[in-house]
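What follows is the residue order along each chain.
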Amino acid sequence: MKVKRLVLDVLIPQDPSVLFFADKLSDMEKVDGVTIRVSEIDERTKSVEMTIEGEDLSIEDLICEIEDLGGSVHSIDSVSSGSRIV
Amino acid sequence: MKVKRLVLDVLIPQDPSVLFFADKLSDMEKVDGVTIRVSEIDERTKSVEMTIEGEDLSIEDLICEIEDLGGSVHSIDSVSSGSRIV
Amino acid sequence: MKVKRLVLDVLIPQDPSVLFFADKLSDMEKVDGVTIRVSEIDERTKSVEMTIEGEDLSIEDLICEIEDLGGSVHSIDSVSSGSRIV
Amino acid sequence: MKVKRLVLDVLIPQDPSVLFFADKLSDMEKVDGVTIRVSEIDERTKSVEMTIEGEDLSIEDLICEIEDLGGSVHSIDSVSSGSRIV
Amino acid sequence: MKVKRLVLDVLIPQDPSVLFFADKLSDMEKVDGVTIRVSEIDERTKSVEMTIEGEDLSIEDLICEIEDLGGSVHSIDSVSSGSRIV
Amino acid sequence: MKVKRLVLDVLIPQDPSVLFFADKLSDMEKVDGVTIRVSEIDERTKSVEMTIEGEDLSIEDLICEIEDLGGSVHSIDSVSSGSRIV
Amino acid sequence: MKVKRLVLDVLIPQDPSVLFFADKLSDMEKVDGVTIRVSEIDERTKSVEMTIEGEDLSIEDLICEIEDLGGSVHSIDSVSSGSRIV
């Protein structure tokens, strides 16, 4: 299987910023692009939707990286795999 | 007939993950791509919509695989067949 | 006249499945593609919308086939004919 | 003037069918395509929207044909004329 | 200035028909296309929206023609001018 | 900086007309196109939205021209600048 | 990482204008385009949404410039990074 796109519902702390998350995630191997949209800002945390596209994404590596940065993946909203995104 | 696209309403357990389902389904013969969207998360189960595209899909094999993985196909929401998707 | 597209509101039994209907209809002569969307599921029946495209569709043959399979065409929602779909 | 597209609000009897109307209208000279959408079904009549495209449509001929078939044009909802549809 | 598109809110009598208006307006010099959509039908009048495109439209000539035909331009809803429609 | 697009909320008198405004604005240097949409008509004034595109727009010149014609720029709703519109 | 697009929620004073902000931001290195949309106007301030695209945006430089001009970045609504915008 080749995971081509993931949409993750993630809770991140106020620090580091969404920029830092986007920076680190898009630097990962096989990641082509990352868009992080902030959906809710609370006192100490932010709810964000992360859309990640690539040719052969590793969810384990992505979750690992997100957690290393202090984020917490609440749920996988969508996953697309195969030879093309449908 | 050649089934080109299927949209299935499926109930899956918390484990294995949607990733695993996408992985296994997109690895199947004649499957070009799979997108699984999570529509509802309950304590022990998830309601997901699976969109599967390919050149000549076998619903039997797909249902078989889904059930082997612990999922339960509630309904076929849409099926497209023929020489082109209309 | 050349009927190029038909949208039919059809009531079908639980058995045979929508797959079987799509299979049989898309195998018919002059049919290019069929999409069946399930709009309502009752205990013994399903309300479905059938979109059928082709180069010169025969409504009589289509209705005949649908009825042979146990379905009942409630209404023709839309018909497109001519040298191009408008 | 060249009328290129007409949208008509028409009341037609249950018999002949919309197929027959589409058949006859798309067979007319200068008509490229016809789409008839059923918007309301009453006991004896159907309210339909007819979209007719062609290179130089004659509304008189179209109304004449519709009335010959037992239909009644309630109103012209839209007319497009000129060297291109705007 | 070159007026490229006009959208007019016009009140027209029941007679002549929208077809006649479209006919006359699209026959005018520099008019490429006209679409008249009927938005409201009253006992003796119709409220219509006229979209007129061309390379160098003359609003004076258009209003003149509309009034000659018995119509009354209530307002100019939109005007686009320049070397391209923005 | 090169201003490529401006959307202005402008109050204009009943006279001169929106046509005159579009005429004058699209005649200005570096203006490629102007669309004026009327959003509200009061007894003596009209609220209009002006969309102006060009390669290197001068807001000062545009406001100057609008005021010379009797209009009053209430606010700049949107401005796009740079080597491409984003 | 290459930040390709940023959407910022910014509070700016009445003076300087949005034009000035767009001017200064689109003049910055690596910025391809800027669109500023005004969402709310208060007595002394404006809430604006700034969309900034470029090949390798520096959020620090952008915030620095915005603050130098008297603006205050309330939040980063969206950030896209990687080799392509997803």
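Above this text you will find the structure in question.
Definitions and cut-offs
- Residues numbered from 1 in each chain as written.
- Chains lettered and ligands numbered in written order.
- Predicted model: local features only at pLDDT ≥ 70, side-chain atom pairs only at ≥ 80, totals over all residues.
- Heavy atoms only, no water.
- Helix = DSSP H or I, 4+ residues; strand = E, 2+ residues; numbered from the N terminus.
- Rg over C-alpha atoms; globule rule 2.2 N^0.38 Å.
- Core = buried A, V, L, I, M, F, W, Y, C linked by side-chain atoms within 4.5 Å.
- Buried < 20%, exposed > 50% of the residue type's maximum accessible area, 1.4 Å probe, protein only.
- Contact = heavy atoms within 4.5 Å.
- Buried area = accessible area lost by both parts, 1.4 Å probe.
- Salt bridge = Lys/Arg side-chain N within 4 Å of Asp/Glu carboxyl O.
- Polar contact = N/O pair within 3.5 Å; in protein donor to acceptor, adjacent residues only side chain to side chain.
- Nonpolar A, V, L, I, M, F, W, Y, C, P; charged D, E, K, R; others polar.
- Pairing = 2+ DSSP bridges.
- Arc of directions from axis to C-beta.

## Remarks on the overall build of chain A
- Looking only at helices and strands, chain A features two helices and four strands.
- Moving toward the C terminus, one meets the helices and strands of chain A in the order β-α-β-β-α-β.
- A compact globule built from 86 residues would reach a C-alpha radius of gyration of about 12 Å, and chain A, at 12 Å, matches this within 12%.
- Projected onto the principal axes, the alpha-carbon positions of chain A cover approximately 40 × 20 × 15 Å.

## Quick word on the nonpolar core
- Met-50 of chain A, Met-50 of chain B, Met-50 of chain C, Met-50 of chain D, Met-50 of chain E, Met-50 of chain F together with Met-50 of chain G are the most contacted members of the largest nonpolar core, which has 178 residues in total.
- Apart from the residues within four sequence positions on either side, Met-50 of chain D is in contact with Leu-6, Val-7, Leu-8, Val-10, Ile-12, Phe-21, Leu-25, Thr-35, Ile-36 and Ile-66 of chain D.

## With respect to the interface of chain A and chain G
- Counting residues at the interface gives 17 residues for chain A, matched by 15 residues for chain G.
- When the two sides are added together, the surface that chain A and chain G hide from each other amounts to roughly 1,300 Å², 55% of it contributed by carbon and sulfur.
- Here chain A and chain G share two salt bridges between them.
- A salt bridge links Asp-32 of chain A to Arg-84 of chain G, with the nearest nitrogen and oxygen atoms 3.3 Å apart.
- The interface formed by chain A and chain G includes ten residue pairs in polar contact (both at pLDDT 80 or more).
- Those elements that place two or more of their residues in the side of chain A that touches chain G are helix 1 (18-26), strand 2 (31-41) and strand 3 (45-54) of chain A.
- Classifying every residue of the side of chain A that touches chain G by side-chain character gives seven nonpolar, five polar and five charged.
- Bridge count for strand 2 of chain A against strand 4 (residues 72-82) of chain G is five bridges, and the pairing is antiparallel. Bridge pairing in strand 4 of chain G links Gly-33 of chain A to Gly-82 of chain G.

## Structural notes on unusual backbone geometry
- The amide bond that connects Asp-15 of chain A to the next residue, Pro-16 of chain A, takes the cis arrangement and shows omega of 10°.
- Note that Pro-16 of chain A resides in the loop between strand 1 (3-13) and helix 1.
- The backbone phi angle of Lys-30 of chain B is positive, close to 70°, even though this residue is not glycine.
- Relative to the assigned elements, Lys-30 of chain B resides in the loop between helix 1 (18-26) and strand 2 (31-41).

## Topic: the arrangement of the chains
- When C-alpha atoms are compared, chain B and chain F, though not in contact, are closest at a spacing of 30 Å.
- Contact between chain D and chain F is absent, and the minimum C-alpha spacing across the pair is 16 Å.

## Here's the deal with the interface of chain A and chain B
- Counting residues at the interface gives 15 residues for chain A and 17 residues for chain B.
- Taking both sides of the interface into account, the surface hidden between chain A and chain B amounts to around 1,300 Å²; carbon and sulfur atoms contribute 55%.
- At the surface where chain A touches chain B, the tally comes to two salt bridges.
- At the level of elements, strand 1 and strand 4 (72-82) of chain A are the ones that each hand at least two residues to the side of chain A that touches chain B.

## A look at helix 1 (residues 18-26) of chain D
- Among the residues making up helix 1 of chain D, those that are buried are Val-18, Leu-19, Phe-21, Ala-22, Leu-25 and Ser-26 of chain D. The arc that holds every buried residue of helix 1 of chain D, seen down its axis, measures 160°, which confines them to one face.

## Considerations on the side chain of Ser-78 of chain G
- Relative to the elements of secondary structure, Ser-78 of chain G occurs in strand 4.
- You can call Ser-78 of chain G buried: its relative accessible area is 11%.
- If sequence neighbours within four positions are ignored, Ser-78 of chain G has contacts with Thr-35, Ile-36 and Arg-37 of chain A together with Arg-5, Leu-6 and Val-7 of chain G.

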